[in-house]
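For reference, the chains in residue letters:
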2 protein chains.
Amino acid sequence: MLPSMDSILHDQCRLEFTRPIVVAVSGGPDSLCLMDILRQAGYPVIVAHFNHKLRENSDIEANTVEQMAARLGLPSIIESADVRAFADEKKLSIEDAARTLRYRFLFTQAREHKAQAVAVGHTADDQVETVLMHFLRGAGLNGLKGMTYRTVLSVFDVDIPLVRPLLDVWREETVVYCAGQGLRPHYDPSNDSLNFLRNRIRHLLIPTLETYNQKFREAAWRTAQSLTADHEILTQSVDVAWTRSVVSESDGLVIFDSSILTGFPLGLHRYLFRRAIERINPAADITYAVLDRVTSFLQNGKKGGALPLNGGIRLLREANQIFVVGEAAVLPFERWPQLPTDADVIPLTIPCQVELPGGWKFTCESWNIPALALEQMQNNEDQFQVWLDADKLEGGLSLRIRSDGDRFEPLGMEGHTQKLSDFFTNEKLPQRARERWPLLCAGGAIAWIPGYQPAHPFRLTKASRRILYFTLTSPAKKKAE
Amino acid sequence: MLPSMDSILHDQCRLEFTRPIVVAVSGGPDSLCLMDILRQAGYPVIVAHFNHKLRENSDIEANTVEQMAARLGLPSIIESADVRAFADEKKLSIEDAARTLRYRFLFTQAREHKAQAVAVGHTADDQVETVLMHFLRGAGLNGLKGMTYRTVLSVFDVDIPLVRPLLDVWREETVVYCAGQGLRPHYDPSNDSLNFLRNRIRHLLIPTLETYNQKFREAAWRTAQSLTADHEILTQSVDVAWTRSVVSESDGLVIFDSSILTGFPLGLHRYLFRRAIERINPAADITYAVLDRVTSFLQNGKKGGALPLNGGIRLLREANQIFVVGEAAVLPFERWPQLPTDADVIPLTIPCQVELPGGWKFTCESWNIPALALEQMQNNEDQFQVWLDADKLEGGLSLRIRSDGDRFEPLGMEGHTQKLSDFFTNEKLPQRARERWPLLCAGGAIAWIPGYQPAHPFRLTKASRRILYFTLTSPAKKKAE
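Residues numbered from 1 in each chain as written. Chains lettered and ligands numbered in written order. Predicted model: local features only at pLDDT ≥ 70, side-chain atom pairs only at ≥ 80, totals over all residues. Heavy atoms only, no water.

Enquirer: Could you give me a rundown of the packing of helix α10 (residues 216-245) of chain B against helix α12 (residues 266-280) of chain B, with the residues and numbers involved?
Expert: Residue and element names in this part refer to chain B. Relative orientation of the contacting elements α10 and α12 amounts to 75°, with a least axis distance of 10 Å. With respect to α12, the axis of α10 lies roughly perpendicular. Mapping the contact onto sequence places L234, T235, S237, V238, D239, A241, W242 and S245 in α10 and L268, Y271, L272, R275, A276 and R279 in α12. Here the contact of α10 with α12 is composed, by residue class, of eight nonpolar, three polar and three charged. (Axes fitted to C-alpha atoms, helices over the stretch in contact; angles between N-to-C directions. Helix = DSSP H or I, 4+ residues; strand = E, 2+ residues; numbered from the N terminus. Parallel < 35°, antiparallel > 145°, perpendicular 65-115°, else oblique. Contact = heavy atoms within 4.5 Å. Nonpolar A, V, L, I, M, F, W, Y, C, P; charged D, E, K, R; others polar.)

What follows is the structure, encoded as structure tokens:
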């Protein structure tokens, strides 16, 4: 009657005979059946009953479970809590409050008793109801695949798994099993109340659907099985894609290579970013809508940009990288030249060498014209070096960070100035790189934006007599991308 | 109102402006909307109307469509057929018969007019109904993902695609569109008949589900979108797995390396074998149950074996290969030594060289004992060569195929004989290799099974005076696996 239970306990739930299993026993036919199957199969069972104190008979039921466990020689733990008060306090439905307190109790006991798992009596009918609820809600594969034999509910415990050995067993079969074993389940009258969505689905919707397909329950159960297998394949694909596309992962930060992401199907993006968000903040509520915003952000924004998401997480795009950034993340700045956080202005003497964070080095020296042809210096293509007219650079040289209202006369745009912030925006320099970008200034005016271009007034001309040569080099000697 | 239609026509349906599109126009709001959107977007539309002749007004409706097309300057094709007669003849429901004849008509016209595609007006509502029907039936991902913007119905045409540009548009929106464009759709009264499953789903079940989730239709539509993306990822995984695990593919035959299959998740097996079966026989009906039998066969049978499937297809297991074999397949025998089909017995002279199919060669020669130490010959480990006692080999030497009741005295089992068929079974030699396996016989008795062992009576002993040396070699000189 109970199909291939040994294999489910051993292969699917991965239970061992050596360590105890905390079995959630309400006293209904499902949980009694589960308890007895595990006991008869030789697993060390600890009966755990949570008295919700929501019904008149709840104390009697708790006693019954305790006595039954004692009669079978099983240890039992009975606990109760004020579900209504907790629901009021946390603004939860009675159902959600009961569930939260019950699972807390089960996993606390599991830890205390060094149990290998918490086992619950969800049946094939529960599976069908779950799949149907997800279907009504518009869930994706992850919901439609239903419950799994073995899972970790990290909200309650990150190590001890929850196992559901009865997912292949119909509720009716557990009733027959209990009758056959002389176990007397009690029946929860709240299961019949149509106030609860799950009960309406059980007592009204499923019978309706059975008028369309007499074997609807078997069909939905099979759908769950089949989608579980699909989900397993998908998870492997996501693993492979993750390895290929994640550039780095650290506390609160995952960086993707967006050029590699581009080669993946759209659906993979959802899975990759779901995983990234979950790793950064397991409590973030990742809805379909959130992932929709992520994929639009990936597809549409070609430039830089930022997208705030749930759970304090945001996306940043920088060149060909996508950052998934949590609240605690320390973003890597080593790719850009930046002034140290304790030095907004660094006065320069000539010659000089200034060490900047991340291995960047700024140098300045005097040159005589004959050292290089004028044209060569004018047509310089390395934007991390520049030759300027020393006689124009008046009022004291410094490296400084930007300040409000900074303007700049681009090369070749005589008499026309541009806001520094607009210049950076045009150049798609990420916002967070701008704050401490080093600017070479003469008496406050910007003379050179290292990595970009010199200001027109300070450029080298035929009339120039004295020259200053500036460089900004990184260990990698690359232009900031 | 009609969301991002340009992108759907261009990116999803992949329509071009240069070649005509055969548009299926029933005259209802969906198809009129589709026709007009394509026309206004500048695509070369051919209006195709199939008159099912099932209703009183069907001729009038056909005329209306023809006139409307003429008024808009579009070419039109009207055709009718006797749907009822076809349904009776083929034992189909009226719905199925109508669909088959209609699609035949559409694709025939598409070929004749060198059209790039056949376009049909399936809407978001049709999508929801389709998904729901699949869900009720217990479909897997492939069904639950719903209809696609562009697909090939190979039953009707292997080249010309079917496109569905309105999958994002709700039926109500097409009504509004037609009103706005001054198009007058007619309404098919059979759409209201609750005799058809689809109509019951539309008019009864969906409104019921909307009492559970007011936005059920949007939810189901989103499920289809999300599962379509998942399906795309899966298909890529299957592509990769196919390349890795398929050893060879030819007409009616796909050979998998089962040791590579073992490393894949269970779900992938289903997809790989579904693909193999579809390639061999596109008409084979591959249900979940069929794939279940395939996966059990893969998991359980460790030895050889065969499993007949639908559509004249069977699975064979041989060593570490799984064969998916269609009716027309020619199985590869080149791996085994086999007697030619026109020679059940080949008399041998000494010395001799016999060429066998697939490059195998049988040789026989006389040896003098001093040529090799006796022990070396006795402890020979190459099972494709043997030294036998010439004085025991009486009654004429031959190579022959097995015959009923063949028995054999294994080496070291003096006085005990074994059925040849049992011997082959123990050795896991595939059934189909046994039929023409060459046996060295002396006067009818089996003296050596090349590739395995000599028979005890013919072995070399210290008393042996004359020796015969036999070899069977393949070009690869490998033991048959």
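Having seen the model, we can carry on.
Enquirer: Talk me through the side chain of A:T100; I want residue IDs and the actual numbers.
Expert: Within the secondary structure layout, A:T100 lies in helix α5 (residues 94-112). In contact with A:T100, other than residues within four places in its own chain, are A:F86, A:L92 and A:F156.

Enquirer: Talk me through the nonpolar core; I want residue IDs and the actual numbers.
Expert: With 98 residues, the main nonpolar core has A:F256, A:F273, A:V324, B:F256, B:F273 and B:V324 as its most contacted residues. Beyond its immediate chain neighbours, meaning those up to four positions away, B:F256 contacts B:W242, B:S245, B:V246, B:V247, B:L261, B:L272, B:F273, B:A276, B:N320, B:Q321, B:I322 and B:V324. (Core = buried A, V, L, I, M, F, W, Y, C linked by side-chain atoms within 4.5 Å. Buried < 20%, exposed > 50% of the residue type's maximum accessible area, 1.4 Å probe, protein only.)

Enquirer: Explain the interface of chain A and chain B to me, using residue names and the numbers behind them.
Expert: Note on interface size: it is often stated as the accessible area lost on association of the parts. Listed per partner, the contact involves 38 residues of chain A and 39 residues of chain B. For the pair chain A and chain B, the two sides together bury roughly 3400 Å², of which 71% comes from carbon and sulfur. On the chain A side of the contact with chain B, A:F135, A:Y212 and A:I233 bury the most area, a combined 22% of that side's loss. The interface formed by chain A and chain B contains zero salt bridges. Of all the secondary structure elements, the ones that give two or more residues to the side of chain A that touches chain B are α6 (124-137), α7 (141-144), α9 (197-210), α10 (216-245) and α12 (266-280) of chain A. The element contributing the most residues to the side of chain A that touches chain B is α10(A), with 14 residues. For the side of chain A that touches chain B, the residue count by class is 23 nonpolar, ten polar and five charged. (Buried area = accessible area lost by both parts, 1.4 Å probe. Salt bridge = Lys/Arg side-chain N within 4 Å of Asp/Glu carboxyl O.)

Enquirer: Tell me about the relation of the copies chain A and chain B, and please be specific about residues and values.
Expert: A rotation about some axis, followed by a shift along it, carries one copy of the chain onto the other. With an RMSD of 0.4 Å, the operation that places chain A on chain B is a rotation of 180° combined with a shift of 0.2 Å along the axis. Seen this way, the second copy is the image of the first under a two-fold rotation axis. When the interface residues of chain A are mapped onto chain B, 100% of them again lie at the interface, so the same face is used by both copies. (Least-squares fit on C-alpha atoms with pLDDT ≥ 70 in both.)

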